[in-house]
Protein chains: 2
Amino acid sequence: MSISPTTGLSGSMKAPSASSASTVTALGRRAVISREDLVAAALKLVGPHRSVSSLSLREVAREAGIAPNSFYRHFRDMDELAIALIDQAGRSLRTIIGEARHRATEGRSVVRSSVETFMEQLSADEKLLHILLREGNVGSDAFKLAVERELSFFEDELRVDLVRLAQAHDTAVHEPALAAKAITRLIFAMGATAMDLPRERHAEIAEQMIVMVRMIIVGTQTIAVHGTVPD
Amino acid sequence: MSISPTTGLSGSMKAPSASSASTVTALGRRAVISREDLVAAALKLVGPHRSVSSLSLREVAREAGIAPNSFYRHFRDMDELAIALIDQAGRSLRTIIGEARHRATEGRSVVRSSVETFMEQLSADEKLLHILLREGNVGSDAFKLAVERELSFFEDELRVDLVRLAQAHDTAVHEPALAAKAITRLIFAMGATAMDLPRERHAEIAEQMIVMVRMIIVGTQTIAVHGTVPD
DNA sequence: CATCTGTCTATACACTTGTATATTATTATC
DNA sequence: GATAATAATATACAAGTGTATAGACAGATG
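The following refers to the structure shown. This one's a predicted model, so the numbers in the text were calculated from it and none came from an experiment.

Okay, helix α7 (residues 176–194) of chain B next. For α7(B), spanning 19 residues, the distance from its first C-alpha to its last is 26 Å, which sits close to the expected 27 Å at 1.5 Å a residue. Taken across its 19 residues, α7(B) has 17 buried, putting it largely inside the fold.

Spelled out as structure tokens, the structure:
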């Protein structure tokens with residue numbers, strides 16, 4: 001049931017770089033293919049009309065140029081491969097958004113900067129985002145948990161930002177955790193639908209996202225100041 | 001008051017044209033199975049771990065008790081069956097929310113009433129909601145378009161409600177269409193994740209949804225009154 | 001009655017899938 | 001060079017898939 005956060009599963013380091021470990025003597029044939037190669041092969045196969053959970057083991061092996069059975073040297077399942085994919089996608093996106101946040105603190109709007117970076121990345125690094133955005137609802141439990149975990153990372157970081165942002169404006173935030181959750185889920189849901197749209201409309205979607213996020217931020221601040229709200 | 005598709009007890013008319021029994025004389029053998037029966041069979045197969053797009057034609061035929069080839073008498077594809085399923089799910093949910101809205105106007109909070117009805121239905125009529133909530137991201141274009149269409153129905157109805165609600169409180173709404181879109185997507189995204197949680201936690205999720213929706217409503221009203229907002 | 005027509009079934013084909021088993025290839029150490 | 005260990009392959013199998021083709025059934029029409 002372990003999600004296996006990194007490639008750490010069952011202490012089998014097949015990576016070719018593993019021989020760099022001094023004392024450890026790797027016996028046997030040198031691995032000609034790595035976990036990363038398989039992940040990359042899977043990545044080449046996913047797309048707007050191809051979900052990770054619909055990939056077959058043989059298909060990935062074919063794309064990677066190995067025999068079907070060799071797959072088992074690196075992953076037990078397609079599920080395990082899928083989780084590795086999610087990890088990579090999550091790491092990538094978190095890095096990107098981190099940069100956006102950093103860029104934002106030196107000037108422009110945090111909201112606009114983050115949303116625009118998100119949408120840029122949607123175009124540039126399509127595949128990874130695809131996986132994270134739209135495949136959290138299908139697939140195995142492990143799969144879903146892995147996506148859920150990535151989302152909660154975003155929520156945590158965003159919550160901290162929301163509080164800091166409010167303090168900078170001398171105001172407060174009502175239920176920052178909930179506000180962060182709402183923003184995260186909303187952005188991801190909007191991003192998922194945006195991926196089916198032509199590039200020209202991405203800017204338009206980004207503007208919609210910005211307004212939506214501002215509604216939530218203004219709402220949570222207003223509630224914090226004026227107390228609860230009429231039904 | 002059952003939301004379920006009234007799984008056609010037995011072969012009534014099957015013709016999609018619903019030619020009824022007027023002057024048109026149906027030649028040949030009487031259909032022993034109907035489109036609705038096939039839809040019902042597919043519905044029995046979907047679940048938390050089984051997406052519609054992963055169902056096979058043979059599987060549905062087996063569940064319905066017909067030969068695989070008989071499937072083609074009713075649908076061209078599994079895709080076409082999937083779209084019929086979405087239509088049914090959308091109709092069902094719209095009816096339910098309509099009732100919630102009606103119930104709300106005679107007293108309690110529209111937000112609370114709608115959200116709670118939504119979550120109740122999530123438990124009661126799981127299968128149909130599953131389909132609508134989580135399968136909009138995978139599957140064919142036709143599939144995705146069908147889900148998108150259902151969502152836009154909700155958005156339209158919600159937008160009207162938002163404006164009316166604001167008028168009743170002597171205030172205004174900033175970009176009601178966007179606010180409606182944000183609320184819809186958010187509720188659906190939250191609902192999708194809620195389905196993987198045990199029933200006991202549904203009430204908790206419902207409370208979170210209510211707060212989130214209020215944030216958006218308060219936000220859009222505040223922006224409408226105080227104009228735009230600092231970055 | 002026979003005939004026609006649409007519904008359903010049976011059989012079959014070519015294909016893909018996951019995986020079990022056995023074999024070969026390549027490397028590091030002795 | 002021999003040996004041991006490991007990576008990768010080849011072959012095979014049972015199961016599942018979509019669908020083409022042809023025939024069997026049942027009921028209204030002539």
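Text resumes after the structure shown.
What follows is about unusual backbone geometry. Among all residues except glycine, the phi angle is most often negative; among peptide bonds, the trans geometry is most common. Residue and element names in this part refer to chain A. One non-glycine residue with positive phi stands out, namely Asp 170, at about 55 degrees. When you line up the elements, Asp 170 lands in the loop between α6 (141–168) and α7 (176–194). A positive phi angle, near 50 degrees, is found at Glu 175, a position not held by glycine.

Each copy superposes on the other: chain B lies on chain A with an RMSD of 0.1 Å after a rotation of 180 degrees and an axial shift of 0.0 Å. Here the symmetry operator amounts to a two-fold rotation axis. Relative to the rotation axis, the C-alpha of Gly219(B) is the closest in chain B, positioned 1.8 Å from it. Here 100% of the interface residues in chain B have copies in chain A that are interface residues too; the copies meet face to matching face.

With 39 residues of chain B in contact, the opposing surface of chain A contributes 39 residues. Carbon and sulfur atoms make up 68% of the area that chain B and chain A hide from each other, which totals about 3,500 Å². At the surface where chain B touches chain A, the tally comes to two salt bridges. Between Lys144(A) and Asp196(B) there is a salt bridge; the shortest N-O distance is 3.3 Å. Elements supplying a minimum of two residues to the side of chain B that touches chain A: α6 (141–168), α7 and α8 (202–226) of chain B. A total of eleven residues in the side of chain B that touches chain A trace back to one element, the largest contributor, which is α8(B). When its residues are assigned to classes, the side of chain B that touches chain A shows 18 nonpolar, eleven polar and ten charged.

Mapping His130(A) onto the fold places it in helix α5 (residues 126–134). If near-sequence neighbours (up to four positions away) are discounted, His130(A) is found in contact with Gly47(A), Pro48(A), Glu135(A) and Met195(A).

This part is about the protein's contact with DNA strand D. Around DNA strand D lies a shell of 23 residues, among which Asn69(A), Ser56(B), Arg58(B), Asn69(B) and Tyr72(B) are the nearest. Per the 4 Å cut-off to the protein, sugar and phosphate atoms form 60% of the nearby atoms of DNA strand D. Taking Arg73(A), its side chain carries an N or O atom lying 3.2 Å from a phosphate oxygen of DNA strand D. Within the side chain of Asn69(B), an N or O atom sits 2.3 Å from a base nitrogen of DNA strand D. With three residues, the top contributor of residues to the surface near DNA strand D is helix α2 (residues 57–64) of chain B. Class assignment for the residues of the surface near DNA strand D results in nine nonpolar, seven polar and seven charged.

The rules behind each value
- Throughout, residues of each chain are indexed from 1 in the direction in which the sequence is written.
- Labels follow written order: the first chain is A, the first ligand is 1, and so on.
- Predicted model: local features are reported for residues with pLDDT of at least 70 only, side-chain atom pairs are reported and counted for 80 or more only, and whole-chain, interface and lining totals are derived from all residues.
- To get the side-chain values, take all heavy atoms of the structure and skip hydrogens and water.
- Secondary structure elements follow DSSP: runs of H or I of four or more residues count as helices, runs of E of two or more count as strands, with numbering from the N terminus.
- Expected helix span is taken as 1.5 Å per residue step, with the number of steps being one fewer than the number of residues.
- Residue exposure (1.4 Å probe, protein chains only): buried if accessible area is under 20% of the type maximum, exposed if over 50%, otherwise partly exposed.
- A least-squares superposition brings the copies together, and it is based on the C-alpha atoms of residues with pLDDT no lower than 70 in both.
- In this analysis, two residues are considered to be in contact whenever any of their non-hydrogen atoms come within 4.5 Å of each other.
- Here the buried area means the combined drop in accessible surface, using a 1.4 Å probe, for two parts upon being joined, counting both sides.
- We define a salt bridge as a contact between a side-chain nitrogen of Lys or Arg and a carboxyl oxygen of Asp or Glu at a distance within 4 Å.
- Residue classes follow a fixed rule: Ala, Val, Leu, Ile, Met, Phe, Trp, Tyr, Cys and Pro count as nonpolar, while Asp, Glu, Lys and Arg count as charged, and any other residue, Gly among them, counts as polar.
- Here, proximity means that at least one heavy atom of the residue falls within 4 Å of the molecule or strand.
- Whenever a nitrogen or oxygen atom comes within 3.5 Å of another N or O atom, the pair is scored as a polar contact, on the condition that within protein one atom can donate a hydrogen and the other can accept it, and that pairs from neighbouring residues in sequence are kept only if both atoms are in side chains.

Function cannot be inferred from these measures alone, as they are strictly geometric.
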